[in-house]
Amino acid sequence: MKVGGYDAAMPSIDLRSDTVTVPDEAMRRAMAAAEVGDDVYGEDPTVIRLQDELADMVAMEAGLFFPSGTMSNQAALAAHTGRGDEVILPEGGHVFEYEIGAMSLLSGLTPRPIPAPAGLPTVDALRGAVHRSIHQAPTGLVVLENTHNKAGGTVLPLAAQRALIDVAHEERLPIHLDGARAFNAATALGVEISEVVRGFDSVSICLSKGLGAPVGTVLLGSRDFVAVAHRYRKAFGGGMRQAGILAAAGLEAIRRGPAWLADDHRRARMLAEGAARIPGVSVDLERVHTNIVFLDVDDATSVAADWNEHGVRSNALGARAIRLVTHRHIADEDVETALRIMADRMEARSEQVRS
Ligand SMILES: Cc1ncc(COP(=O)(O)O)c(C=O)c1O
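The structure presented is a predicted model; accordingly, all values stated were derived computationally and were not measured.

Go over the site of the ligand with me, naming the residues and quoting the values.
Around the ligand sit Ser-68, Gly-69, Thr-70, Asn-73, His-94, Glu-99, Glu-145, Asn-149, Asp-178, Ala-180, Arg-181 and Lys-209, and those are all the residues in its vicinity. At a separation of 2.7 Å, a nitrogen atom of the ligand approaches a polar side-chain atom of Asp-178. One of the side-chain nitrogen or oxygen atoms of Lys-209 is found 3.0 Å away from an oxygen atom of the ligand. Compared with its free state, where it exposes 390 Å², the ligand has 83% of that area covered by protein. Because more than half of its atoms lie within 2 Å of the grid, the ligand is assigned to the largest pocket. The greatest single-element share of the shell around the ligand, amounting to three residues, is contributed by helix 3 (residues 69–80). Among the residues forming the shell around the ligand, the class breakdown is one nonpolar, six polar and five charged.

See the structure below:
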């Protein structure tokens, strides 16, 4: 039944992103009860607790709470480099591809994307991209992304990651991890989060994706690095006042959120295997490591729009690619319903073509 344009009988299965998760009751209670102070003066006890607790979990010296992953990454880039430097990153890396040129806009940096099948550059590709000649912008930083969003939520194997960290350090370059979904990597690898971030000079971890907080990212590294990043956070407009209300949700997210991720991964696998059986859809199942599934279809924009009209929300990312992301609000039945709708719609599309 349609009421005012809204069809109450139609399902709405939101697979656009894990950022659509909303805080649960326990999180909301923690937010309401949070002890707060002015964080620009460094006086918010809940923010301090979140920063310290996550720094302990990742075995780094210090943390800094940011309003977003973008600001956290960009403050890290600025803090590690000098104006005019080049930043080496895997192709498709979020800090370049989806942060709207902020590294150039804010910090005068040039991105140097290098080939990275499944998000993982080779040691030779990394070494070959380091510039020191007077004719080229000097390399100032290396960035990796684990899990790698655009490659399909792929996990970088720890030994290969370690080899890249070693090359960066041999070249006397700092190396930053965009670990927006580092807890997903830890879950998929079956290791502690500290293992995933070991060796990096800094890491940015989002609380507002699969971990379920409404807002927030923490940037972690040495005390000296965090002190520099703190100045950039202020310069980028990220000084928040009684931010403990948000940090309280972040504490719930890091304490309880990691336990939800294995189910998200299992459901992404169900979704991927089911989608691979739908005529007109293909899926590289080898790339499905965590909670992200990329589908290949003939026309991503029109297929995604059609599924959306029938209750399955997704993101068209490119001419043929549709991204689906599982998260805490997607149950097994939602995956089954979504697959049924997707299959019916693909069948209807092929009938339209035939008639
Ligand atoms: C890998 C990665 N890094 C960074 C970000 C940025 O996070 P935010 O949306 O909080 O700015 C995202 C967001 O989707 C992401 O997927």
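Describe the sheet that holds strand 6 (residues 110–114), listing the residues and the values that go with them.
The sheet built from seven strands is open, its strands ordered 4-10-9-8-7-5-6 with mixed pairing. Two strands close off the open sheet at either side, each with one partner strand: strand 4 (62–66) and strand 6. Ignoring strand direction, the axes of neighbouring strands in this sheet form an average angle of 20°. In the sheet, strand 4 pairs with strand 10 (residues 217–221) via five bridges, with the strands oriented antiparallel. Along strand 10, the bridge assignment pairs Gly-63 with Leu-220. Its contacts with the sheet put helix 2 (residues 45–58) on strand 4, strand 9 (202–206) and strand 10, and the angle it makes with strand 4 is roughly 130°.

Account for the packing of aromatic side chains, with residues named and values stated.
Counted under the stated rule, the structure contains one aromatic pair. When the centroid spacing of 5.9 Å and the interplanar angle of 45° are considered together, the rings of Tyr-232 and Phe-236 count as tilted. A cation sits over an aromatic face here: Arg-233 above Phe-66, 6.0 Å from the ring centre. Directly above the aromatic system of Trp-260 lies the positively charged group of Arg-328, at a separation of 4.5 Å from the ring centroid.

Tell me about the pairing of strand 10, and please be specific about residues and values.
Of all five residues in strand 10, five are buried, a share of seventy percent or more. Neither face of strand 10 is left uncovered, since the one carrying Thr-217, Leu-219 and Gly-221 and the one carrying Val-218 and Leu-220 both have all their residues buried. Bridging between strand 9 and strand 10 involves five bridges; their strand directions are antiparallel. Within strand 10, the position partnered with Val-203 by the bridge is Leu-220.

Go over the packing of helix 1 (residues 25–33) against helix 11 (residues 244–256), please, and point to the residues and values.
Closest axis-to-axis distance for the helix 1/helix 11 pair is 7 Å, and the angle between their directions is 140°. Regarding the angle of helix 1 to helix 11, the classification is oblique. With respect to the hand of their crossing, helix 1 and helix 11 are arranged in right-handed fashion. Mapping the contact onto sequence places Ala-26, Met-27, Ala-30 and Met-31 in helix 1 and Ile-245, Leu-246, Ala-248, Ala-249, Glu-252, Ala-253 and Arg-256 in helix 11. Residue classes in the contact of helix 1 with helix 11 are distributed as nine nonpolar, no polar and two charged.

Go over unusual backbone geometry with me, naming the residues and quoting the values.
Of the consecutive residues Asn-146 and Thr-147, the connecting peptide bond is found in the cis state with omega at 5°. Tracing the sequence through the fold places Thr-147 in the loop between strand 7 (139–145) and helix 7 (158–170). Of note in the backbone geometry, Ala-59 takes a positive phi value of approximately 60° without being a glycine. Assignment of secondary structure puts Ala-59 in the loop between helix 2 and strand 4. What makes Ala-59 exposed here is its relative accessible area of 61%.

Cut-off values and rules
Residues numbered from 1 in each chain as written. Predicted model: local features only at pLDDT ≥ 70, side-chain atom pairs only at ≥ 80, totals over all residues. Heavy atoms only, no water. Near = heavy atom within 4 Å. Polar contact = N/O pair within 3.5 Å; in protein donor to acceptor, adjacent residues only side chain to side chain. Areas by Shrake-Rupley, 256 points an atom, 1.4 Å probe, with all protein chains shown as cover. 1 Å grid on protein atoms, 1.4 Å probe; cavity = no way out; pocket = protein on both sides within 12 Å on 5 of 7 lines; lining within 4 Å. Sits in = over half its atoms within 2 Å of the grid points. Helix = DSSP H or I, 4+ residues; strand = E, 2+ residues; numbered from the N terminus. Nonpolar A, V, L, I, M, F, W, Y, C, P; charged D, E, K, R; others polar. Pairing = 2+ DSSP bridges. Axes fitted to C-alpha atoms, helices over the stretch in contact; angles between N-to-C directions. Contact = heavy atoms within 4.5 Å. Phe/Tyr/Trp six-rings, centres within 6.5 Å; stacked < 30°, edge-to-face > 60°. Lys NZ or Arg CZ within 6 Å of the ring centre and 35° of its normal. Buried < 20%, exposed > 50% of the residue type's maximum accessible area, 1.4 Å probe, protein only. Parallel < 35°, antiparallel > 145°, perpendicular 65-115°, else oblique. Left-handed = near helix turned anticlockwise from the far one by under 90°.

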